[in-house]
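Chain residues, written in single-letter form:
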Amino acid sequence: MLGLWLEDQELSLRKQIPAPSLLTGEALIRVRLSGICGTDLELARGYYPFTGVIGHEFVGEVVSVVESDDSRRRESRNLVPFGDDKISGSNNWIGKRVVGEINAVCGECEQCRNGRPTHCEKRTVLGIANRDGVHAEYTSLPLANLHIVPDSVTDEAAVFTEPLAAALEIQEQVHIHPNDRVLLIGAGRLGQLVAQTLTLAGCDLRVVARHPLQQKLLTGRGIKLITEDEVQPRRWDVVVEATGSPSGFELARRALCPRGTLVLKSTYRGEMSVNWSPFVVDEITIVGSRCGPFAPALRLLERGEVDPVILIAKRYLLAKAVEAMEAAKQPGMLKVLLEP
Ligand SMILES: [Zn+2]
Ligand SMILES: [Zn+2]
């Protein structure tokens, strides 16, 4: 099959990638659309060693399911099967339009047994760690990871389910009070979705957005902006840092009020030198935030309470995936989609 392959920090379009082989309880999925995420760009820059098909944001269609235990196991990839659990009615999945949670977990380790499956010690992660991803004609995931897309949600909206879930993880972790002053720093691909979901909490939200298009999309939805210079120090109850840059972190630190909460929604490249004393003196809570819940993300899409489609900047055929990655790198570029 055709796919976007990453090896030694080199991206290439490959035509002869074998279709994913399924483990027990897994589905083969024909990709309908995939989205390029900042993490894809980071992987290509070598932030994490990965060889294979990249990409983890998708909407697709289930084409086959493996129920029996005699399926081939990809031992070389260290995938852990779900064990003997039979998933009832898995044939009902065939033809269903689905999105999928990206962490394929073991269900047995310390983290899984304590209700932290996204932190599974043996997890494989779609297009990120030990599992081929979605910028390809086909992909695979355990049935347990799949969610059926409501009919009224278009492919163009559904492809945003994963990053929308990641945005909602903030409210899974932090109680946003209606009276809270909330500052979001960064309004790129993920920041826009964070803004659209935070505003639903009714809080006093302001967003630092650098690019004119980012600003326009926010104000178009009634979300208020603030410039870096206007951000008052020691005023904000919750600050969400979504730039992944040392300057964004520094702005967040200055903005937080005593006993405020800092939510880190981006990873930082390399090491960063931080003066931690103010965090101690001001009793700041720091929350790292990653993957989130899919069901509420799909609910918001179905109800039209968020609109990710406005973030689509460009759409390429999968055959042009290398060019698409190049385009996605441009500063201020929002979502680039790939169509197999
Ligand atoms: Zn992502
Ligand atoms: Zn586990």
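Here goes a summary of the coordinates provided. Please read all numbers here as calculations on a predicted model, not as lab measurements.

What counts, and where the lines are drawn
Residues numbered from 1 in each chain as written. Chains lettered and ligands numbered in written order. Predicted model: local features only at pLDDT ≥ 70, side-chain atom pairs only at ≥ 80, totals over all residues. Heavy atoms only, no water. Donors = N, O, S within 2.8 Å, 3.2 Å for Na, K, Ca; no water. Helix = DSSP H or I, 4+ residues; strand = E, 2+ residues; numbered from the N terminus. Buried < 20%, exposed > 50% of the residue type's maximum accessible area, 1.4 Å probe, protein only. Pairing = 2+ DSSP bridges. Contact = heavy atoms within 4.5 Å. Axes fitted to C-alpha atoms, helices over the stretch in contact; angles between N-to-C directions. Core = buried A, V, L, I, M, F, W, Y, C linked by side-chain atoms within 4.5 Å. Phe/Tyr/Trp six-rings, centres within 6.5 Å; stacked < 30°, edge-to-face > 60°. Lys NZ or Arg CZ within 6 Å of the ring centre and 35° of its normal. Tetrahedral: all angles 85-135°; square planar, octahedral: opposite > 155°, others 65-115°. Salt bridge = Lys/Arg side-chain N within 4 Å of Asp/Glu carboxyl O. Parallel < 35°, antiparallel > 145°, perpendicular 65-115°, else oblique. Left-handed = near helix turned anticlockwise from the far one by under 90°.

Some points on the coordination of the zinc ion (ligand 1)
Summarising the metal site, the zinc ion (ligand 1) is bound by the protein donors Cys37 (SG) and His56 (NE2), whose distances to it range over 2.0 to 2.3 Å. Placement of Cys37 in the loop between β3 (26-36) and α1 (38-44) and of His56 in the loop between β4 (52-53) and β5 (57-65) is noted, with a sequence separation of 19 residues between them. Across this residue pair, the class does not change: Cys37 and His56 are buried.

Re the sheet that holds β4
Ordered in space as β2-β1-β4, the three strands form an open sheet in which the pairing is antiparallel. Looking at which strands have only one partner, the edges of the open sheet turn out to be β2 (10-14) and β4. Where strand β1 (residues 3-7) meets β4, two bridges bridge the pair, whose relative direction is antiparallel. For Leu6, the partnering residue across the bridge sits in β4 and is Gly52.

Digging into the sheet that holds strand β16 (residues 285-288)
An order of β13-β12-β11-β14-β15-β16 is seen for the six strands of this open sheet, with the pairing classed as parallel. Each having just a single partner strand, β13 (224-225) and β16 make up the two edges of the open sheet. In this structure, strand β11 (residues 181-185) lies alongside strand β12 (residues 204-208), joined through five bridges in parallel fashion. When the sheet's bridge partners are listed, Arg181 is paired in β12 with Asp204. Together, β11, β12, β14 (236-241) and β15 (256-264) form the strand contacts of helix α7 (residues 246-255), whose direction differs from that of β15 by roughly 150°.

A few points about the nonpolar core
Nonpolar side chains tend toward joint burial in soluble globular proteins. Membership of the largest hydrophobic core comes to 44 residues, with the highest contact counts inside it found for Leu184, Leu198, Leu205, Val207 and Val240. Broken down by secondary-structure element, the contributors of at least two residues to this core are α3 (155-158), α4 (161-173), β11, α5 (189-198), β12, α6 (212-219), β14 and α9 (294-303). In this structure, Val240 is in contact with Ile170, Leu183, Leu184, Ile185, Val194, Leu198, Val263 and Lys265, ignoring residues within four places of it in sequence. If you look at the next biggest cluster of nonpolar residues, it comprises 37 residues, including Leu41, Ala44, Val125 and Tyr316.

Quick word on unusual backbone geometry
The phi torsion at Arg234 lies on the positive side, around 55°, for a residue other than glycine. Here Arg234 is to be found in the loop between β13 and β14. Located in the positive-phi region is Arg259, a residue other than glycine, with phi close to 65°. Summarising the element assignment, Arg259 is placed in strand β15. For Arg259, a relative accessible area of 64% translates into the label exposed.

Some remarks on the packing of aromatic side chains
Counted by the stated rule, this structure contains four aromatic pairs. Taking 6.0 Å as the distance between ring centres and 85° as the angle between the ring planes, the aromatic pair formed by Phe249 and Tyr268 counts as edge-to-face. With Phe249 in helix α7 and Tyr268 in the loop between β15 and α8 (277-281), this pair connects stretches of sequence that are 19 residues apart. What makes Phe249 buried here is its relative accessible area of 6%. Relative to Trp276, the ring of Phe249 has its centre 6.3 Å away and its plane inclined at 80°; by these criteria the two rings are edge-to-face. On the criterion of sequence distance, the pair formed by Phe249 in helix α7 and Trp276 in the loop between β15 and α8 is long-range, its members being 27 residues apart. Ring pairing ties together the aromatic residues Phe249, Tyr268, Trp276 and Phe279, which thus form one cluster. Over the aromatic face of Trp236 sits the side chain of Arg235, whose NZ or CZ is 5.0 Å from the ring centroid.

Examining the coordination of the zinc ion (ligand 2)
Surrounding the zinc ion (ligand 2) are the protein donor atoms Cys106 (SG), Cys109 (SG), Cys112 (SG) and Cys120 (SG), which sit 2.3 to 2.4 Å from the metal. With four donor atoms in place around the zinc ion (ligand 2) and angles of 104 to 119° between them, the coordination shape is tetrahedral. Donor residues for the zinc ion (ligand 2), ordered by position in the chain, follow C-x2-C-x2-C-x7-C. Residue classification places Cys106 among the buried residues on the basis of a relative accessible area of 3%. Residue Cys109 is classed as buried on the basis of its relative accessible area, which comes to 8%.

Structural notes on the pattern of salt bridges
Taken as a whole, this structure holds 19 salt bridges when the rule is applied. For Arg14, the salt bridge is made with Glu7, and the minimal N-O distance between the two is 3.2 Å. A salt bridge links Arg259 to Glu283, with the shortest nitrogen-to-oxygen separation between them at 2.7 Å. Placement of the pair is Arg259 in strand β15 and Glu283 in the loop between α8 and β16, with a sequence separation of 24 residues.

Overview of the packing of α4 against α5
Interaxial distance between α4 and α5 falls to 9 Å at its minimum, and their mutual angle equals 50°. Classed by the angle they form, the pair α4 and α5 counts as oblique. The way α4 lies across α5 gives a crossing that is right-handed. Across the interface between the two elements, Pro163, Leu164, Ala166, Ala167, Leu168, Ile170 and Gln171 from α4 touch Leu190, Leu193, Val194, Thr197 and Leu198 from α5.

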